[in-house]
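Understanding the architecture of this molecule
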Amino acid sequence: MQRRDTPDPSADLVLRGGTVHTLDEDDTTGTAIAIRHGRVLRVGSDAEVTASIGRRTRVIELDGRAVIPGINDSHLHATWLGAMWPETVFGAAGAAVSGSTGDAGGDSAPAAPESADSDPHDTSRSAPLVTTRAERRAAILRAGELIASLGITSYTEPGIGPGEDAGATGCFAQDVFDAYVELEAERLLTARVNVLALFGVLDGPSTLHEVTAGLRSLERETTRPAWLRVAGVKLFADGIPPMHQAWTRHRYPDGTSGGLLVAGLDADERADNLRRMILEANRLGYQVGIHATGDRTIDTAVSAVEDAMRDSRMELRHYIIHGDLVTPGALSRMAALGMGLNVQPGIAVATASWLAAVLGDEVAASAWPIAAATRAGVSVSLSSDAPILAPDWRQGIADAAAWLGAPASGHEAEVDRMRAMLRGYTVAPARQDGADPWKGTLEPRKVADFCVLETDPLHVPAAELPAVGVDLTVVDGELVYERLPTYSR
Ligand SMILES: [Zn+2]
């Protein structure tokens, strides 16, 4: 980093004596970082940053530890997570094939395998997890505490709204959003939250009317959008392949090919209704996060975004969530449109065999093409979909590495890949949030959202990353988690 001629005003917080990975475009690193007024003041050598230390500066000695930008888990159902933890859907339901709430499909989709209907841990068939205002607040705060301890400083709540007001869990209803507004006003959130509104049922059907009417009456303004922001809308386009619900050109063993969850009289009308939902959201300036797993679903969604953006200059960062069967053709169209892909590596690892069981080994081997997407120029965000999985990005990276297989050659390739995967949890989701100008990397003037890891992640094999402890989490320049007492003065 370059020296300045005039001394900086003193920092509020300095961390020095370690490795600071900015994850900026040039892979800049330093040994120290200075923070002032919740922003990164500078990253550089200890000597450079020590110049920013004044009488009131808190100094934390890293002792060789590493600083990385705060983790952005860009698909995390925090309220549901807080209500369930330490249970997770995969943890609790074991190998049972289960959609997010288990009630996937409704009457618009093919029948689910029997195993899903007999899943004893299916949350949709037991009492709601949260029912009162106090419980909603507690669930959000509990998730907040958990994710702060994992270094997470931003997340997207993918689906909260009136579509789930009568929902089985209580975790996605409109009053959950009200709880977020309250907690933000009380300054009790410890991570920045993006919300996707939901006008249909989670993992279930939606109608064109409820989505367009909902979008037109959506209250989008929040007091401090850097902390709580209504980004756009979540659309459930189709279900998941193991339950024969992904709409695909392939055939399931029973001869079916799935279909869209969006209501309509036939396949064409369903596709047209999905297209119109996307057009309307785009016209109103809302981002669309499309839950889409089947190749036909993804192609339909991408075509709709293409139509929507033909006469729109807005960069709304529409994206595909899951994207199991996305094709190379769709990936290059997505890249051209600036569409992102939001993938959960842990789901790929955990369910590839279920996919193989219904569509064959070849389809499973080419599913969730993280590497091809990146090569095609698609911004790939990695996420947990917690509480489907635990919200542990370290495990997510280990799973992504396992899914990708051994890197081309040697240590340098491994380092590059680790850096790319870290960007999948920081830079790419900041772009998804439309927040790349002010978060996602540790460049001067960007928000001071970061975490301290006990070991430099670039020098740890991906499989061993889950054992690397998170020592400290800082959001907006404030400590929100501290594992051990740090050397401080
Ligand atoms: Zn989800």
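Residues numbered from 1 in each chain as written. Predicted model: local features only at pLDDT ≥ 70, side-chain atom pairs only at ≥ 80, totals over all residues. Heavy atoms only, no water.

1. Brief notes about the overall build of the chain
Spelled out, the test is: Each helix is a run of H or I in the DSSP string that is no shorter than four residues. Each strand is a run of E no shorter than two, and both are numbered from the N terminus. Radius of gyration: over C-alpha atoms. The globule rule applied is 2.2 Å multiplied by the number of residues raised to the 0.38 power. Relative accessible area decides the class of each residue, using a 1.4 Å probe on protein chains only: under 20% of the type maximum gives buried, over 50% gives exposed, and in between gives partly exposed. Values of accessible area rely on a 1.4 Å probe in the Shrake-Rupley scheme; residue burial ignores everything except the protein chains shown. For this count, His and the chain ends are skipped, Lys and Arg are scored as positive, and Asp and Glu as negative. Each charge is placed at NZ for Lys, CZ for Arg, CG for Asp and CD for Glu.
When helices and strands are counted, the chain shows 16 helices and 18 strands. Against the compact-globule benchmark of 23 Å for 489 residues, the chain has a radius of gyration of 22 Å, which places it among compact chains. Seen through its C-alpha atoms, the chain measures out along the principal axes to roughly 70 × 50 × 50 Å. The buried share of the chain, taken over its 489 residues, is 60%. With an accessible surface of roughly 19000 Å², the chain has 51% of that area assigned to carbon and sulfur atoms. Considering the chain, the positive charge centre built from 44 side chains and the negative charge centre built from 66 side chains are found 7 Å apart.

2. So, the side chain of aspartate 449
For clarity, the cut-off: N or O atoms closer than or at 3.5 Å make up a polar contact, with two conditions inside protein: a donor-capable atom paired with an acceptor-capable one, and, for residues adjacent in sequence, both atoms drawn from side chains. Residue contacts follow a heavy-atom distance rule, with two residues in contact if any of their heavy atoms lie within 4.5 Å.
Its location among the elements puts aspartate 449 in the loop between helix H16 (427–432) and strand S16 (450–453). For aspartate 449, the side chain forms a polar contact with the side chain of arginine 192, separated by 2.6 Å. Ignoring any residue separated from it by four or fewer positions in sequence, one finds aspartate 449 in contact with Pro69, Gly70, Thr153, Arg192, Leu442, Val474, Val475 and Asp476.

3. Digging into the domain arrangement of the chain
Selection rule: Throughout the structure description, domain borders are defined by an automatic or database domain assignment. By definition, the buried area sums, over both parts, the 1.4 Å-probe accessible area that each loses when the two are put together. One speaks of a salt bridge when a side-chain nitrogen belonging to Lys or Arg is within 4 Å of a carboxyl oxygen belonging to Asp or Glu.
For the chain, the domain assignment lists domain 1 (13–70 + 446–482) and domain 2 (72–432). Computed from C-alpha atoms alone, the centre-to-centre distance between domain 1 and domain 2 is 30 Å. At the junction of the two partners, domain 1 supplies 30 residues and domain 2 supplies 27 residues. Between domain 1 and domain 2 lies a buried interface of about 2300 Å² when both sides are counted; carbon and sulfur atoms form 67% of it. Where domain 1 touches domain 2, the interface holds 4 salt bridges. For aspartate 27, the salt bridge goes to arginine 423, with nearest N and O atoms at 2.6 Å. Where domain 1 meets domain 2, there are 8 residue pairs in polar contact (both at pLDDT 80 or more).

4. As for the pairing of S16
Stated formally: Any two strands are treated as partners once DSSP identifies two or more bridges connecting them.
Of the two faces of S16, both are covered, the one formed by Phe450 and Val452 as well as the one formed by Cys451 and Leu453. Across 4 bridges, strand S7 (residues 66–69) lies against S16 in antiparallel orientation. Residue pairing across strands places valine 67 opposite valine 452, the latter belonging to S16. Across 4 bridges, S16 lies against strand S17 (residues 470–475) in antiparallel orientation. When the bridges of S17 are listed, leucine 453 appears paired with valine 470.

5. A look at the sheet that holds strand S6 (residues 58–61)
Applied cut-off: Lines fitted to C-alpha atoms define the axes, with helix axes restricted to the stretch in contact, and inter-axis angles between N-to-C directions lie between 0 and 180 degrees.
An order of S5-S4-S1-S6 is seen for the 4 strands of this open sheet, with the pairing classed as mixed. In the strand order of this sheet, the two ends are held by strand S5 (39–44) and S6, each with one partner. When the angles between neighbouring strand axes are averaged without regard to direction, this sheet yields 15°. The pairing of strand S1 (residues 13–16) with strand S4 (residues 32–36) spans 3 bridges and is antiparallel.

6. Concerning the coordination of the zinc ion
How we decide: Donor atoms are limited to N, O and S found within 2.8 Å of the metal ion, a distance that becomes 3.2 Å for Na, K and Ca. With water left out, some sites might look partial.
Only His75 (NE2), His77 (NE2) and Asp385 (OD) from the protein coordinate the zinc ion, and they sit 2.1 to 2.3 Å from it. Sequence positions of the residues that donate to the zinc ion give the spacing H-x1-H-x307-D. With a gap of 310 residues between them, histidine 75 in the loop between strand S8 (71–73) and helix H2 (78–84) and aspartate 385 in the loop between strand S15 (379–382) and helix H14 (393–404) connect regions that are remote in the sequence. Of the two residues, histidine 75 and aspartate 385, both sit in the buried class.

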